[in-house]
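# Coordinates in review
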Amino acid sequence: MATAKKPVRKKTTAGKNTLRVSLQTGWTYDPAPESKSVARIDKRYELFINGKWEAPLSKKYFDTINPATEEKLSEVAEAGVADVDKAVTAAGQAYEKTWKKMPARERAKYIFRIARMIQEKARELAVIETLDGGKPIRESRDFDVPTAANHFFYYAGWADKLEYAFPNRKTEPLGVAGQIIPWNFPLLMAAWKIAPALATGNTVVLKPAETTPLTALKLAEIIREADLPPGVVNIITGAGATGASLVQHPGVSKIAFTGSTEIGKLIQQSTAGTSKKLTLELGGKAANIIFEDAPLDQAVEGVINGIFFNQGHVCCAGSRLYVQESVAKEVIRKLKDRMASLIVGDPLDKNTDIGAINSRQQLDTIRKYISIGKKEGAEFYESDCRLPGKGFFCKPTLFSQVAQSSRIAQEEIFGPVLAILTFRTDDEVIEKANNTPYGLSAGVWTDKGSKIFNMTKRIRAGVIWANTFNKFDPSSPFGGFKESGYGREGGLHGLLPYVKLIS
Ligand code: NAI
Ligand code: MG
């Protein structure tokens, strides 16, 4: 077996964060940074309310930075209670006066137009997503932005076909939807939230996460250019307090939240006893299960993608690996070999596999869990790569010999940290996989179709991938069991949270 060579830092003209990494093979890659020149980022952003950019009544602003360099990108308005009220009022008026009266086929045209404009501006959106959030440009370019456009296309198609989505039933929209999204897929989550709400005739107040507001604000520009009637979509920035005022506003009929289980529970408490409809998409601790008859190289690639994709900032990340005892040694060796070849560094570089951790706070959380894993006695391994001097970065890490009861096997880490456990029988792995408060996703790797069906029937998770991982499609519903939340987004199922079935 070849041993991994130490990555070497060479002088480049492409920026301080650019690394050239010698792989096991001895190959090196020249830096291939995507140009920042397409990204038009204003120095300051106001709130997008009633089709206009409005300075916040709170008079407050906060910075958003590039987590790969710690440099300020822009400052954005912090919506206070009065600003939230203004946005909800605008959405309420737009609902009553225009959007709910508009023929569905006309609504569809607007949604379709937004999708087309996302495609037209795809390159700029991808670069801004990478700058603001730290994810590799390859992912924002090839996954986030195209999938966001696809969600708008998909739901544009449903707008005038709701009678087929709910046969023999009559539907009505709910009114104003308050939507709160996280920082791991900023534009994509905005699309997941806005597209079905508009297709079903609701209006929207959306709050992006405080560390990644920029692509939602670019989406506001698109919505304005698409000539959507004012007030149909309002985008307000701010942190937890802004989100909480949106949740509590009496003019909101529906809350859709994606984020931590902790905040999801708070939101559940604050909407209890009201008529607000609620969907929650929360944390996860997905089990990726490799049986001895699986194609191991393919499985290893799937595990790598499952946990290191987007720095592990994925609620459905395959953060627990269950590998059948007979192949455990071989799988762990293959995983370590593959980890040694992963390139960590400048997110704008097209060679980069693992970009920047989204914030210092999240990096601290990940580091805390790495030290918990070491203290719990699991065997620790991290890839032998050098991290850039600035910014928030974390080496791809794995723990083997992990106990089922250990915290790194039970709690969501939300970083590039894999916990490996072993099993002997199907029943044992099902019990272990289900032994968590979460139930968002899982993966099964085996040559046998019957085993796949046995697993998918008995594992309590909303999405289970077979011989693949982290695959998404707008037509496919996504959502959790247990503390991973409730309600489904995507597909036909994703329409239901936004309608009343009235007959
Ligand atoms: P968070 O749940 O605090 O943030 C998510 C969104 O909720 C943000 O827009 C935030 O401003 C908003 N928010 C915060 N407090 C709120 C409140 N009281 N009422 C209404 N909205 C509120 O998540 P955070 O702190 O960024 O990350 C903490 C952990 O949560 C992560 O380490 C990860 O484990 C998990 N997480 C899970 C996500 C998922 O996709 N399921 C996404 C982001 C984080
Ligand atoms: Mg940022």
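Attention here is on the structure that accompanies the text. Just so you know, these numbers come straight off a predicted model, no measurement behind them. (Residues numbered from 1 in each chain as written. Chains lettered and ligands numbered in written order. Predicted model: local features only at pLDDT ≥ 70, side-chain atom pairs only at ≥ 80, totals over all residues. Heavy atoms only, no water.)

## Things to note about the nonpolar core
- Judged by nonpolar contacts, the single largest core of 109 residues is most densely connected at Ile-114, Phe-152, Leu-198, Ile-290 and Leu-335.
- Beyond its immediate sequence surroundings of up to four residues, Phe-152 is in contact with Ile-111, Ile-114, Ala-115, Ile-118, Ala-191, Ile-194, Ala-195 and Leu-219. (Core = buried A, V, L, I, M, F, W, Y, C linked by side-chain atoms within 4.5 Å. Buried < 20%, exposed > 50% of the residue type's maximum accessible area, 1.4 Å probe, protein only. Contact = heavy atoms within 4.5 Å.)

## Some points on the packing of aromatic side chains
- Applying the stated rule across the entire model yields 17 aromatic pairs.
- Note on Trp-99 and Tyr-110: the rings are 6.0 Å apart at their centroids and 55° apart in plane angle, and the pair reads as tilted. Taken together, the residues Trp-99 in helix α1 (residues 81-99) and Tyr-110 in helix α2 (residues 104-120) connect sequence positions eleven residues apart. Accessibility assignment for this pair places Trp-99 and Tyr-110 in one class, buried.
- Consider the rings of Phe-143 and Phe-185, whose centres lie 6.1 Å apart with planes at 75°: the pair is edge-to-face. With Phe-143 in helix α4 (residues 137-158) and Phe-185 in the loop between β7 (176-180) and α6 (186-199), this pair connects stretches of sequence that are 42 residues apart.
- Classification of Phe-185 by relative accessible area gives buried; the value is 6%.
- Seen from the ring of Tyr-61, Arg-44 lies directly overhead, with NZ or CZ sitting 3.6 Å from the centre. (Phe/Tyr/Trp six-rings, centres within 6.5 Å; stacked < 30°, edge-to-face > 60°. Helix = DSSP H or I, 4+ residues; strand = E, 2+ residues; numbered from the N terminus. Lys NZ or Arg CZ within 6 Å of the ring centre and 35° of its normal.)

## Topic: the coordination of the magnesium ion (ligand 2)
- Coordination sphere of the magnesium ion (ligand 2), protein contribution only: Thr-64 (OG1), Ile-65 (O), Asp-132 (O), Asp-132 (OD) and Thr-211 (O), at 2.2 to 2.6 Å.
- In the primary structure, the donors to the magnesium ion (ligand 2) are separated according to the pattern T-I-x66-D-x78-T. Highlighted residues: Ile-65 in strand β4 (residues 61-66) and Thr-211 in the loop between β8 (203-207) and α7 (214-225), separated in sequence by 146 residues.
- Using a relative accessible area of 29% as the deciding quantity, one classes Ile-65 as partly exposed.
- Exposure remark for Thr-211: the relative accessible area of 23% places this residue in the partly exposed category. (Donors = N, O, S within 2.8 Å, 3.2 Å for Na, K, Ca; no water.)

## Observations concerning the site of ligand 1
- Around ligand 1 sit 26 residues, and of these Trp-183, Glu-210, Ser-260, Leu-282 and Glu-412 come closest.
- A distance of 2.8 Å is found between an oxygen atom of ligand 1 and a backbone nitrogen or oxygen belonging to Ile-181.
- Starting from 810 Å² of accessible surface for ligand 1 in isolation, the protein chains cover 86%.
- Because more than half of its atoms lie within 2 Å of the grid, ligand 1 is assigned to the largest pocket.
- Elements with a minimum of two residues in the shell around ligand 1: α8 (240-248), β10 (254-258) and α9 (261-271).
- Considering every element that reaches the shell around ligand 1, the biggest residue donor is α8, with three residues.
- By residue class, the composition of the shell around ligand 1 is 14 nonpolar, eight polar and four charged.
- Each of domain 1 (43-282 + 484-502) and domain 2 (287-473) accounts for three or more of the residues forming the shell around ligand 1. (Near = heavy atom within 4 Å. Polar contact = N/O pair within 3.5 Å; in protein donor to acceptor, adjacent residues only side chain to side chain. Areas by Shrake-Rupley, 256 points an atom, 1.4 Å probe, with all protein chains shown as cover. 1 Å grid on protein atoms, 1.4 Å probe; cavity = no way out; pocket = protein on both sides within 12 Å on 5 of 7 lines; lining within 4 Å. Sits in = over half its atoms within 2 Å of the grid points. Nonpolar A, V, L, I, M, F, W, Y, C, P; charged D, E, K, R; others polar. Domains from an automatic or database assignment.)

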